[in-house]
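A closer look at the structure
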Amino acid sequence: MLVILDRDGVINAYEEGQYVCSLAEWQPIPGSIEAIARLSRAGYRVAVATNQSGIARGYFSRAMVDGIHEHLQGLVQEQGGRIDYFAVCPHHPDEQCSCRKPETGLLREIQQHFGLSSLSGSWMLGDSRSDLEAALAASVKPVLVATGGGQATRASLDSEPLEGVELTDNLASFVETLLG
Ligand SMILES: [Mg+2]
Ligand SMILES: [Zn+2]
C-alpha cells in the first residue's frame with residue numbers, strides 16, 4: 001500500500017504562487033509529521049512527489065531542496081516512521097518535461113522505484129488541481145486536502161469537476177480516516 005504526498009500545501013504551509021526558498025521558510029502543517037510517521041508505522045509506503053520549478057528559475061538549488069527533505073525525513077524518523085522516496089521535478093514549465101505535475105512522470109518514477117506493476121490502489125494527496133490530474137492520469141486515487149491552495153482548488157471543482165476526487169481536511173484527517 002502506497003500513499004504519495006504532494007509536499008507544499010500538504011506537508012508544509014504554502015500559499016499559491018509562493019516558493020519555499022530556504023529551510024527557515026519550510027514550516028510543517030500541524031499534525032502532518034505525526035500523520036506521515038503513523039502511516040509508515042502502519043506498514044504503508046510513503047513517497048513525496050513535488051514540483052520545484054524554483055530550481056530552474058534560479059530561486060534555490062537542488063541541494064537546498066534535498067536539505068529540506070533530509071530535515072523532513074529526520075522529523076518523521078523521530079516519530080518512528082520514514083518517507084521511502086522523494087521524487088522532485090526541478091524543471092521550468094516552459095521546458096515541457098514529462099515529470100512536472102499534471103504530467104505523470106513523478107508518479108511513474110515512484111512506481112518504478114517500488115517495482116509496482118500498477119499504481120491502482122495507491123493514493124495521492126494534493127492541494128492543487130495538477131496533483132489531482134496527475135493522479136487520475138496514473139490511475140491513483142486522488143485526495144484533495146483543504147490546506148495550502150486546497151480550498152481554492154475545491155472551489156474550482158464546482159465549475160470544472162474532476163471525477164472521483166475524495167475530499168479531506170488535511171493530511172492528518174486523511175490518515176485518521178484511513179487507519180481509524
Ligand atoms: Mg502543493
Ligand atoms: Zn520535470
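Parameters and conventions
Residues numbered from 1 in each chain as written. Chains lettered and ligands numbered in written order. Predicted model: local features only at pLDDT ≥ 70, side-chain atom pairs only at ≥ 80, totals over all residues. Heavy atoms only, no water. Pairing = 2+ DSSP bridges. Helix = DSSP H or I, 4+ residues; strand = E, 2+ residues; numbered from the N terminus. Contact = heavy atoms within 4.5 Å. Axes fitted to C-alpha atoms, helices over the stretch in contact; angles between N-to-C directions. Donors = N, O, S within 2.8 Å, 3.2 Å for Na, K, Ca; no water. Tetrahedral: all angles 85-135°; square planar, octahedral: opposite > 155°, others 65-115°. Buried < 20%, exposed > 50% of the residue type's maximum accessible area, 1.4 Å probe, protein only. UniProt positions renumbered as here; feature names shortened; annotations may be inferred. Polar contact = N/O pair within 3.5 Å; in protein donor to acceptor, adjacent residues only side chain to side chain.

Bringing the sheet that holds strand β4 (residues 123-126) into the picture now. Ordered in space as β3-β2-β1-β4-β5-β6, the six strands form an open sheet in which the pairing is parallel. Two strands lie at the open edges of the sheet, namely β3 (85-89) and β6 (166-167), each paired on one side alone. Taken together, the four bridges between β4 and strand β5 (residues 141-144) define a ladder with parallel strand orientation. Its bridge partner being in β5, M124 is matched across the sheet by P142. Most of the contacts of helix α3 (residues 105-114) go to β3, to which it runs at about 150°, and overall it touches β1 (2-5), β2 (45-51), β3 and β4.

Here we come to the coordination of the zinc ion (ligand 2). Under perfect tetrahedral coordination by four donors, a metal shows angles of 109.5 degrees; under perfect octahedral coordination by six donors, it shows angles of 90 or 180 degrees. Coordination of the zinc ion (ligand 2) by the protein involves C89 (SG), H91 (ND1), C97 (SG) and C99 (SG), with metal-donor separations of 2.0 to 2.2 Å. Between the four donor atoms coordinating the zinc ion (ligand 2), the angles at the centre fall across 101 to 115°, so the site counts as tetrahedral. Spacing between the donor residues of the zinc ion (ligand 2) along their common chain follows C-x1-H-x5-C-x1-C. Taking the relative accessible area as the measure of exposure, H91 reaches 23% and is therefore partly exposed.

It is worth spelling out the UniProt feature "binding site: Mg(2+)" (unreviewed entry) in the protein chain at this point. As recorded in UniProt, the feature "binding site: Mg(2+)" (unreviewed entry) lies at D6, D8 and D127. Spatial clustering of the annotated residues is evident: they stretch over 122 residues in sequence, but the largest pairwise C-alpha distance comes to 8.2 Å. As for its position among the elements, D6 is in the loop between β1 and α1 (32-41). Ignoring sequence-local partners within four residues, the contact set of D6 consists of I11, A49, T50, K101, M124, L125, G126, D127 and D131. A polar side-chain atom of D6 sits 2.9 Å from a polar atom in the side chain of K101. Structurally, the position occupied by D127 is in the loop between β4 and α4 (129-137). Judged by its relative accessible area of 1%, D127 is buried. For D127, the contacting residues outside a window of four places in its chain are D6, D8, G9, V10, Y14, L144, V145, T147, G148, G149, G150 and T153.

On to the coordination of the magnesium ion (ligand 1). Here the magnesium ion (ligand 1) is held by D6 (OD), D8 (O) and D127 (OD), and the distances to it run 2.0 to 2.2 Å. The motif formed by the donor residues of the magnesium ion (ligand 1), counted along the single chain, is D-x1-D-x118-D. With a gap of 121 residues between them, D6 in the loop between β1 and α1 and D127 in the loop between β4 and α4 connect regions that are remote in the sequence. Look at D6 and you get buried, because its relative accessible area is 6%.

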